Each structure stands twice: as structure tokens, then as C-alpha cells.
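Coordinate analysis (summary)
Now for the letters of each chain:
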Amino acid sequence: MCDLNHGLSYIFYIQYPWEARKMKHKFSLLLSLITLVCSSCGNSPARLSQLKLISPNGAPCLALYNFAKNGNLEINTNPALVGGQLQADNYDMVVFDFSKGLESLSRNHGHYKLAKILTGGNLYLVGINKDESKKEPKSGDLVVSFGEGLIPDLTFKQIYNDKGIDVRYVQGVSDIAPILKSGKFQTEEVDYVVIAEPLLSKLMKDLDQSHYTIISLRDKWGEVKQTSPIIPQAGLFVNMNSYQKNETVFNDYLKQINADIDVAINEPIQVKQIMEEKGDASDQEKIFGFTAEQVYEVQKDGRNGFALVGNSQTIDINDFFLKIGQSVDYSEYILSC
């Protein structure tokens, strides 16, 4: 039995209408990182420092700033390599594009489950040498994005559907930097790039902002789809082989990450101080993919530019899947207590 006395502070609400049509019922899942704390589920718990986690670099790593203290957080710039770990048994937790992760697990009958959405829309479309009258991409424009088939790609195509836009891809968000600076992809002139925070703010500090127009894809998503502007992106997946042996320690960490995210949203100065304990800016960059100063600049004054998903935010995953044209029941691969 699970102890749910801590209350509901974070909710996934999922309904599957395709199942309702067949089975005349709705499936709903309440997933709370606090309600994941089970009082009698655990076996002999391992120490928290023994858990191993891998994540792509970028915004999701901010949610893991406390986890990095023990040195067991591996950050990799190759998203495909990270996603491949969902079919292996090398890590206790894997951070990956939540949609592609669920698809991979369902297709390959993997043993990980989604426990948490970490980021909810830190994506931007940046026009190069565009004035306000040419702010939106049009047919024939060249757009360079990252992660073909992943959330940045899927949401961009949903927003700018059927406009005849030429979209090319690089492997990861860090590969966008030289393209934004030069305005070229290989030898071709680029009209727009899809990019994410905190890289956007970092680059704009050294660029003449008069040459760029910036559109929040999060805001654009809400406008075009007439829905919540939250775009679920990075998901935290838990290795169920490890989880079943050490439920107490996993649930304690999931509870802690909830608290850490609130701190990162509301008190980013505290995160800055913790990150600075890891060394200078170069050391911080190697560990997290960004620096303490960048975190503070992007998060301060309630901006939450990293788009971390706070405890009070509700994500209708099913609604999002329907809006990107998917209707698959992934409930088997979503963790609940």
C-alpha cells in the first residue's frame, strides 16, 4: 500500500478517448512526485548517491542540479546516444524527449517508465535578418532545427503546417549555435533556426540583436492550437529493474527533484550558489551544459526561461499527443504509485 498523505502537488492528467470509444470508459492517471513517496513499497534502499543518471545537455539539467553533486550525473551532447539507453540497463534514470522515449519503450517493450516531465516549452524560432513584416516563415524559407522527429521538430511542423518550408536538421541544440552566428547551413543562407534556452540567451549576448527576430514557440503553440502553451519536452524515465529493488530511494529522489524545481523557478540565486560550488564557469559548463550565471540570468525575476514544469502545472499529455497527430496508449510506460 502507498502512503498518499503528502497530498497532490503535481498532476499528469491523461485521458484516452480511443479507448473510451472501445471500452466505454476513460483512463486517467494522477502522477504526483510527492505521492510517489511510498511508505511500505521499498526493499533495502541504496544510498541516493549510488543512482546513475544520463541526460542530454541543456535545460533539463537544471532540474538535476542537486543530483550533480554526487558525480553520478552524466551529460551527453548526443541525444540519440542518450535515448538509446532506454533499451539498455546502464542507468537508473534517463532524461530524454518524452514523446520519443514513450514511443521507443512501447515499440521495444522497454523496462523504463516515465516519472516526470521536466521541461515544458523553452523553444524559440529566431529569424535571421528579418524585420517585423517578415517575422513569420513562409514557403521556400530555409529553417534549421534540431532533433528530427523530436518535440522541437514536431511542434514546429504543427504550428507552421503546409507552408512549404524547407526544414533541415542538426543533431543537437548546441549545433545550432554556429548556424545562428553565421546565418549559413553548409553553404546555404538560413532564414530561421529553432533553438532553446539557455543557449539562446547565451548567444544573444554577443550578437547584434537588431539582426534577429525572436518568436516563442511556446506562446505560438498556445495561440495556434487554442490550448495551454505548455509544450512537454524532456521526460525523466526510471529504470524499473532498479526501481523495484530500491523504491524508497527512488521515491525520495523524485520528491527531492520536485522541490529542486520549485527552487530553480522561484529562487534561482540559490541554484547559482550551488552550481558555483562545482568550480568556475568552465567546470560548470562541462557538468551542466551551462553556467551558474546563465541560469540566474534566464531564470531571475520569475522568467523561468528554462521552462521547468512546476508543481502546480497540469499537463494533459493525451491532448498534446492528439494535437501532434498521435493516438497511442502509452499508459503501460507511465509510472504511478
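The structure displayed is predicted, hence computed values, not measured ones.

**Quick look at the environment of Lys-135**
Assignment of secondary structure puts Lys-135 in the loop between β6 (123–128) and β7 (142–146). Taking the C-alpha atoms as reference, Lys-135 lies 9.6 Å from Tyr-192; in sequence the two are 57 residues apart. With residues near it in sequence (within four places) discarded, Lys-135 still touches Tyr-192, Thr-213, Ile-214 and Ile-215.

**Here we look at the pattern of salt bridges**
Tallied over the full model, the rule gives 16 salt bridges. A salt bridge links Arg-303 to Glu-197; the nearest nitrogen and oxygen atoms lie 3.8 Å apart. Here Glu-197 lies in the loop between β11 (192–196) and α6 (199–204) and Arg-303 lies in the loop between α12 (292–299) and β14 (314–315), a separation of 106 residues in the sequence. On the accessibility criterion, Arg-303 (46% relative accessible area) is partly exposed. A residue is classified by how much of its surface remains accessible, and Glu-197, at 5% relative accessible area, is buried. One salt bridge in this structure joins Lys-272 and Glu-276, with 2.6 Å as the shortest N-O distance. Remark: Glu-276 and Lys-272 occur in helix α10 (residues 268–276); sequence separation between them is four residues, near one turn of the helix. Judged by relative accessible area, which is 37%, Glu-276 ranks as partly exposed. Connected through shared salt-bridge partners, Lys-100, Glu-103 and Arg-107 make up one network.

What counts and what doesn't
Residues numbered from 1 in each chain as written. Predicted model: local features only at pLDDT ≥ 70, side-chain atom pairs only at ≥ 80, totals over all residues. Heavy atoms only, no water. Helix = DSSP H or I, 4+ residues; strand = E, 2+ residues; numbered from the N terminus. Contact = heavy atoms within 4.5 Å. Salt bridge = Lys/Arg side-chain N within 4 Å of Asp/Glu carboxyl O. Buried < 20%, exposed > 50% of the residue type's maximum accessible area, 1.4 Å probe, protein only.

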